[in-house]
Amino acid sequence: IKVLTVCPGYVKTEISMNALTTDAEKKHNTMDKNTVKGFEPSYLADKVLQAMANGEEEIVVAQTTANLALTLKTFFPGLLSTILKGRGEKEMKAEAEALSSGSS
């Protein structure tokens, strides 16, 4: 048995479109800005098939920011956690503001 671990960055799929909102009843119906910039699924599939053919054990197919995150996690895991927490809080605040202004 051979195993290939694939660490993809953002892939252009409809995952964010189908994600549920916080009330868990409605779909998000919006393409996440990072997903829009993601790799085409066929590109990732080609990289996976190449790696399998070459007998590789692990591949990272990611955009520059995702590769940077991997480097930060390796050498400065606390820093990456702080950055991601801040990013999440900022995005949640922006979403809450958009929802509240849309319901006014």
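Keep in mind that what you see is a predicted model, and the values were worked out from it rather than measured.

### Overview of a nonpolar patch on the surface
Thought 1: Together, Phe75, Phe76, Leu79, Ile83 and Leu84 make up an exposed nonpolar region whose accessible area comes to about 520 Å².
Thought 2: The leading source of residues in the nonpolar patch is helix H5 (residues 77-102), at 3 residues.
Thought 3: Within the secondary structure, Ile83 is located in helix H5.
Thought 4: With a relative accessible area of 41%, Ile83 lands in the partly exposed category.

### Regarding the layout of surface pockets
Thought 1: Here the largest pocket defines a volume of roughly 480 Å³.
Thought 2: Lining of the largest pocket is provided by 21 residues; of these, Tyr10, Thr65, Ala66, Ala69 and Arg87 occupy positions nearest its centre.
Thought 3: The element contributing the most residues to the lining of the largest pocket is helix H4 (residues 64-75), with 7 residues.
Thought 4: Of the residues that constitute the lining of the largest pocket, the class distribution is 13 nonpolar, 5 polar and 3 charged.
Thought 5: When its volume is computed, the second largest pocket comes out at roughly 330 Å³.
Thought 6: Ser16, His28, Asp32, Glu91 and Glu95 are, among the 13 residues lining the second largest pocket, the residues nearest its centre.
Thought 7: Breaking the lining of the second largest pocket down by element, the ones donating at least two residues are helix H2 (33-36) and H5.

Scoring rules and cut-offs
- Residues numbered from 1 in each chain as written.
- Predicted model: local features only at pLDDT ≥ 70, side-chain atom pairs only at ≥ 80, totals over all residues.
- Heavy atoms only, no water.
- Patch = residues over 30% accessible without salt bridge, like charges linked within 9 Å, V, L, I, M, F, W, Y side chains within 5 Å.
- Areas by Shrake-Rupley, 256 points an atom, 1.4 Å probe, with all protein chains shown as cover.
- Salt bridge = Lys/Arg side-chain N within 4 Å of Asp/Glu carboxyl O.
- Helix = DSSP H or I, 4+ residues; strand = E, 2+ residues; numbered from the N terminus.
- Buried < 20%, exposed > 50% of the residue type's maximum accessible area, 1.4 Å probe, protein only.
- 1 Å grid on protein atoms, 1.4 Å probe; cavity = no way out; pocket = protein on both sides within 12 Å on 5 of 7 lines; lining within 4 Å.
- Points joined across faces, edges and corners; volume = space filled by probe spheres on them.
- Nonpolar A, V, L, I, M, F, W, Y, C, P; charged D, E, K, R; others polar.

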